[in-house]
Amino acid sequence: MSRFLYVTYIRTTPEKLFEALIKPEFTRLYWSETWQDSTWQRGASWKLMIPDGRVGDTGEVLEIDRPRRLVVRWQNEFKPEMRAEGFSRCTFELEPMGDTVKLTVIHEMEVPVPDSKFIAGVSNGWPAILASLKSLLETGDSLEFTKRWPKGM
Amino acid sequence: MDTDAVFKALAHHERRKLLDRLFAENGLTLNELCKGLKMTRQAVSKHLRILERANLVATLKRGRDKEHYLNPVPIHAIGERWIGKFQRRHLGALHDLKNRLEGEKKT
């Protein structure tokens, strides 16, 4: 399968959630100390930076419609077997629902790859990162094991 | 998250079977999910609604088809609630050992 889809409901506002998805001071707290380097304009380059200074992933901002939708073209850089699979596309959709925001994350390969290692990798990471993001926005604290970049990775 | 809805949804073996199928192959349509199952289309559709309400299944409309995806976020949250941060690795190792000794069995 070359696509994963996650849905989570977070008690917050679309504006706050959007900020939390892109601002380094937020992502460092719930996304294993990583941060994204981009000017967040349509067509702007995009990088996911690993805390030790390596570039984890690269790509570009394909669509940005604050605070509703963000689409990033995304290729892994630090694992050769994942890099070889080419570009993926990650879509974030934010929809207000009562006092919560429904966050949908769709991560798919641009060209389907059977048994994609990249999709297997991100599908392992997203549930934890999203749970931690939810915890951060609702309680003010992220989940312990997402606070640090994993040793040796 | 409505924890009751999650546990109720998980409390039926046919619904767990549907989740197993999506785990093996994500993004199936209703027709594809019905294949090889003894349940009627209506029954599958009803179970999917319950799973969707519990946020265990998320759907994506692609043209005329609706694709179903296993959404592991609520199950992850259940784990998060009772599994301590230092237990995670031991539990993973124990789980691998059990699977290796028993063969990959699901209940």
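First things first, this report covers the structure right here in the doc. All of these numbers come straight from a predicted model, not from anything done at the bench.

Moving on to the overall build of chain A. If you tally the helices and strands in chain A, you get four helices and seven strands. Mapped in sequence order, the helices and strands of chain A form the string β-α-α-β-β-β-β-α-β-β-α. Against the globule reference of 15 Å for 153 residues, chain A gives a C-alpha radius of gyration of 15 Å, in line with a compact fold. Buried positions account for 53% of the 153 residues belonging to chain A. When contacts within chain A are restricted to residue pairs at least 6 apart in sequence, long-range pairs at least 24 apart make up 48% of them. A total of about 7200 Å² of accessible surface is found on chain A, and carbon and sulfur atoms cover 51% of it. The distance from the centre of the 21 positive side-chain charges to the centre of the 22 negative ones in chain A is 1 Å.

Moving on, we come to the sheet that holds strand S6 (residues 88-97) of chain A. Residues and elements named next belong to chain A. Spatially, seven strands are ordered S1-S7-S6-S5-S4-S3-S2 in an open sheet, and the strand pairing comes out antiparallel. With one partner strand each, in any of the chains shown, strand S1 (3-10) and strand S2 (35-37) form the two edges of the open sheet. Pairwise comparison of adjacent strand axes, ignoring direction, gives a mean angle of 25 degrees for this sheet. Note that S6 and strand S7 (residues 100-109) share ten bridges and pair antiparallel.

Turning next to a nonpolar patch on the surface. A surface patch of nonpolar side chains, about 470 Å² in accessible area, is lined by B:Ile83, B:Leu91, B:Leu94, B:Leu97 and B:Leu101. Inspection of the secondary structure puts B:Leu91 in helix H6 (residues 88-102).

Turning next to the pairing of strand S2 (residues 65-70) of chain B. All names here are of chain B. Here six bridges tie strand S1 (residues 57-62) to S2, and the two strands are oriented antiparallel to one another. Counted as the bridge partner of Arg62 is Asp65 from S2. Connecting the antiparallel pair S1 and S2 is a turn made up of two residues, with Gly63 showing a positive phi of about 65 degrees.

Moving on, we get to the nonpolar core. Of all hydrophobic cores here, the largest spans 36 residues; its most connected members are A:Leu17, A:Leu21, A:Phe92, A:Leu103, A:Trp126 and A:Leu133. When contributions to this core are tallied by element, the ones reaching two or more residues are S1, helix H1 (14-22), strand S3 (45-49), strand S5 (69-76), S6, S7 and helix H4 (117-139) of chain A. The greatest single-element share of this core, amounting to nine residues, is contributed by H4(A). Core analysis: the next-biggest nonpolar cluster, separate from the first, contains 19 residues, B:Leu19, B:Leu33, B:Val44 and B:Ala54 among them.

The subject of this paragraph is the packing of aromatic side chains. Residues and elements named next belong to chain A. Here the structure, examined in full by the defined rule, presents eight aromatic pairs over all chains. An angle of 80 degrees between the planes, with centres 5.8 Å apart, marks the rings of Phe92 and Trp126 as edge-to-face. With Phe92 in strand S6 and Trp126 in helix H4, this residue pair connects regions lying 34 residues apart in the sequence. Take Phe92: its relative accessible area is 4%, and that puts it in the buried class. The exposure class of Trp126 is buried, given its relative accessible area of 4%. The structure contains a cluster of three or more aromatic residues connected by ring pairs, namely Tyr30, Trp31, Trp46, Trp74, Phe92 and Trp126. When the ring centre of Phe87 is taken as origin, the NZ or CZ atom of Arg73, which lies over that ring, is 3.8 Å away.

Rules used throughout
- Residues numbered from 1 in each chain as written.
- Chains lettered and ligands numbered in written order.
- Predicted model: local features only at pLDDT ≥ 70, side-chain atom pairs only at ≥ 80, totals over all residues.
- Heavy atoms only, no water.
- Helix = DSSP H or I, 4+ residues; strand = E, 2+ residues; numbered from the N terminus.
- Rg over C-alpha atoms; globule rule 2.2 N^0.38 Å.
- Buried < 20%, exposed > 50% of the residue type's maximum accessible area, 1.4 Å probe, protein only.
- Contact = heavy atoms within 4.5 Å.
- Areas by Shrake-Rupley, 256 points an atom, 1.4 Å probe, with all protein chains shown as cover.
- Lys, Arg positive; Asp, Glu negative; His and termini not counted.
- Charge placed at Lys NZ, Arg CZ, Asp CG, Glu CD.
- Pairing = 2+ DSSP bridges.
- Axes fitted to C-alpha atoms, helices over the stretch in contact; angles between N-to-C directions.
- Patch = residues over 30% accessible without salt bridge, like charges linked within 9 Å, V, L, I, M, F, W, Y side chains within 5 Å.
- Salt bridge = Lys/Arg side-chain N within 4 Å of Asp/Glu carboxyl O.
- Core = buried A, V, L, I, M, F, W, Y, C linked by side-chain atoms within 4.5 Å.
- Phe/Tyr/Trp six-rings, centres within 6.5 Å; stacked < 30°, edge-to-face > 60°.
- Lys NZ or Arg CZ within 6 Å of the ring centre and 35° of its normal.

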